[in-house]
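So you can see what is in the structure, the chains are spelled out below.
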Amino acid sequence: MRERTVVLITGASSGFGEAAARLLAARGSYRVFGTSRRAAGDNAQGGVDMLPLDVRSDASVAACVDAVMRRAGRINVLVNNAGYTLAGAVEETAIDEAKAQFDTNFFGVARMVRAVLPAMRAQGGGRIVNVSSLAGLVGVPFHAHYSASKFAIEGLSEGLRQEVRRFGIHVSLIEPGDFKTAVTAARERAAGGLSAYAAARDRALDIMARAEQSGPDPIRFAELLLQILQARRPRLRYRLGNDAVWVPRARRLVPESVFEWLMRANYEMNE
Ligand SMILES: NC(=O)c1ccc[n+]([C@@H]2O[C@H](COP(=O)([O-])OP(=O)(O)OC[C@H]3O[C@@H](n4cnc5c(N)ncnc54)[C@H](OP(=O)(O)O)[C@@H]3O)[C@@H](O)[C@H]2O)c1
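Now for a quick tour of the structure.

## Concerning the overall build of the protein chain
Alright, step 1. When you go through the protein chain residue by residue, the secondary structure sums to 10 helices and 10 strands.
Alright, step 2. Relative to the compact-globule value of 18 Å for 271 residues, the protein chain shows a C-alpha radius of gyration of 19 Å, a close match.
Alright, step 3. Along the first, second and third principal axes, the C-alpha set of the protein chain runs to 65 × 40 × 30 Å.
Alright, step 4. Per-residue burial over the protein chain gives 49% buried out of 271 residues.
Alright, step 5. Within the protein chain, residue pairs in contact and separated by at least 24 positions form 71% of the contacts whose partners lie at least 6 positions apart.
Alright, step 6. Total accessible area on the protein chain stands at roughly 13,100 Å², and carbon and sulfur atoms take up 51% of it.
Alright, step 7. The distance from the centre of the 36 positive side-chain charges to the centre of the 28 negative ones in the protein chain is 9 Å.

Encoded structure:
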């Protein structure tokens, strides 16, 4: 019998991570570990072994990867999915809030990658899938630090992919558009609200929340991940959702000023 592929998915308590963990676990060929900051240790949910993990902590990351190695003896796939959105104008956002955004969304990915690479290199291969965003391709108003953290993941993934190719390790990015997950409810707001931004910011954030909550089901993320894991030579980038396909395409087709006008129109900022 073929050995099962061991997959570790960060942020599997809801949204994309939960959908992906459940779908892979339902296929007999994957042994799936999911994580949550709230996971209580040894609980297996829907065939997914849940482990506690806070990607902001070196110690937590080391303990999580050790637990997978102890239980399964290897890690074939790491899916860096954990993340949240920080909302607010740049002027409203304290540097500590911006650092916290990067600590989870960007350094969390770097911590996980550093923790699994020794095992993947020793095994002679592996796969790393980093969850970016349409906001990692296009700067989003009132989400500029979130966008910056996802732009940073794009750069990290491009460089990393070239570094680890020689070890048989494939690095890919998933770039989703708006999807209906707990991302909207988990959104953090910058504390230093300024009245000069209030009307435009609140309007834009309402439009974003509505776009997410009327977006597609995260099962599509799970199906795409499965496709990536089955690909012999996975690509660097995978766009997910109509908006993630069309917005970057439109940007290439029209002059920059027209694209910016369209972005403002989308968020009702052209008043
Ligand atoms: N939904 C969208 O429209 C959309 C679009 C583009 C990209 N994305 C990206 O997709 C990824 C998943 O988001 P989602 O939409 O599925 O949102 P979600 O339902 O809120 O899931 C986020 C997951 O991240 C985990 N998490 C948050 N902070 C963490 C930390 N410090 N350490 C470990 N885990 C942490 C949460 O787990 P606990 O709270 O249980 O710890 C949760 O399981 C994120 O990177 C997000 O930026 C989402």
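Once the structure has been displayed, the description carries forward.
## Observations concerning the packing of aromatic side chains
Alright, step 1. Applying the stated criterion across every chain, the model contains four aromatic pairs.
Alright, step 2. Residues F16 and F221 carry aromatic rings whose centres are separated by 4.6 Å and whose planes lie at 15° to one another, so their mutual orientation is stacked. Of this pair, F16 sits in helix 1 (residues 15-26) while F221 sits in helix 8 (residues 219-230), placing them 205 residues apart in sequence. Accessibility assignment for this pair places F16 and F221 in one class, buried.
Alright, step 3. Taken together through their ring pairs, the aromatic side chains of F16, F179 and F221 make up a single cluster.
Alright, step 4. Between the NZ or CZ atom of R121 and the centre of the ring of F167, over which it lies, the distance is 5.7 Å.
Alright, step 5. Of note, R235 hangs over the ring of Y238, and the distance from its end group to the ring centre comes to 4.2 Å.

## Here's the deal with helix 3 (residues 95-105)
Alright, step 1. For helix 3, the complete set of buried residues consists of E97, A98, Q101, T104 and N105. For helix 3, the arc enclosing every buried residue in end-on projection is 130°, short of the 170-degree limit, so these residues lie on one face. Opposite its buried face, helix 3 presents the exposed residues I95, D96 and K99, each directed more than 90 degrees away.
Alright, step 2. On the buried face of helix 3, the contacting elements are strand 6 (86-87), helix 4 (107-123), helix 5 (144-164) and strand 9 (188-189).

## Some details on the site of the ligand
Alright, step 1. Neighbouring the ligand are 29 residues, the closest being S13, S14, S36, Y146 and T181.
Alright, step 2. Here a nitrogen atom of the ligand sits 3.0 Å away from a polar atom, N or O, in the side chain of D54.
Alright, step 3. Separating an oxygen atom of the ligand from a backbone N or O atom of F179 is a distance of 2.8 Å.
Alright, step 4. The protein chains hide 96% of the 880 Å² of surface that the ligand would expose on its own.
Alright, step 5. Contributing elements (two or more residues each) for the shell around the ligand: helix 1 and helix 5.
Alright, step 6. Residues of the shell around the ligand, tallied by class, amount to 11 nonpolar, 12 polar and six charged.

## Details of a nonpolar patch on the surface
Alright, step 1. Nonpolar side chains collect at one region of the surface, where V258, W261 and L262 lie side by side and expose about 270 Å² of accessible area between them.
Alright, step 2. Structurally, V258 is set in helix 10 (residues 256-266).
Alright, step 3. Given the relative accessible area of 35%, V258 is considered partly exposed.

## Some words on the nonpolar core
One broad rule of soluble globular proteins: the nonpolar side chains tend to lie buried together.
Alright, step 1. The biggest cluster of nonpolar side chains holds 30 residues, and the ones touching the most others in it are L8, L78, M112 and I128.
Alright, step 2. Leaving out residues up to four positions away in the same chain, I128 has contacts with L78, N80, V113, V116, L117, M120, L160, I169, H170, V171 and S172.
Alright, step 3. Counting 28 residues, the second largest nonpolar core, distinct from the first, contains A12, A19, V32 and I174.

## Details of the packing of helix 1 against helix 8
Alright, step 1. Interhelical geometry of helix 1 versus helix 8 gives an angle of 55° and a closest axis separation of 8 Å. Put simply, helix 1 runs oblique to helix 8. Two packed elements cross with a definite hand, and for helix 1 against helix 8 that hand is right-handed. Along the contact surface, helix 1 presents F16, A19, A20, L23 and L24, while helix 8 presents I219, F221, A222, E223, L225, L226 and L229.
Alright, step 2. Taken together, the residues of the contact of helix 1 with helix 8 break down into 11 nonpolar, no polar and one charged.

Criteria and cut-off values
Residues numbered from 1 in each chain as written. Predicted model: local features only at pLDDT ≥ 70, side-chain atom pairs only at ≥ 80, totals over all residues. Heavy atoms only, no water. Helix = DSSP H or I, 4+ residues; strand = E, 2+ residues; numbered from the N terminus. Rg over C-alpha atoms; globule rule 2.2 N^0.38 Å. Buried < 20%, exposed > 50% of the residue type's maximum accessible area, 1.4 Å probe, protein only. Contact = heavy atoms within 4.5 Å. Areas by Shrake-Rupley, 256 points an atom, 1.4 Å probe, with all protein chains shown as cover. Lys, Arg positive; Asp, Glu negative; His and termini not counted. Charge placed at Lys NZ, Arg CZ, Asp CG, Glu CD. Phe/Tyr/Trp six-rings, centres within 6.5 Å; stacked < 30°, edge-to-face > 60°. Lys NZ or Arg CZ within 6 Å of the ring centre and 35° of its normal. Arc of directions from axis to C-beta. Near = heavy atom within 4 Å. Polar contact = N/O pair within 3.5 Å; in protein donor to acceptor, adjacent residues only side chain to side chain. Nonpolar A, V, L, I, M, F, W, Y, C, P; charged D, E, K, R; others polar. Patch = residues over 30% accessible without salt bridge, like charges linked within 9 Å, V, L, I, M, F, W, Y side chains within 5 Å. Salt bridge = Lys/Arg side-chain N within 4 Å of Asp/Glu carboxyl O. Core = buried A, V, L, I, M, F, W, Y, C linked by side-chain atoms within 4.5 Å. Axes fitted to C-alpha atoms, helices over the stretch in contact; angles between N-to-C directions. Parallel < 35°, antiparallel > 145°, perpendicular 65-115°, else oblique. Left-handed = near helix turned anticlockwise from the far one by under 90°.

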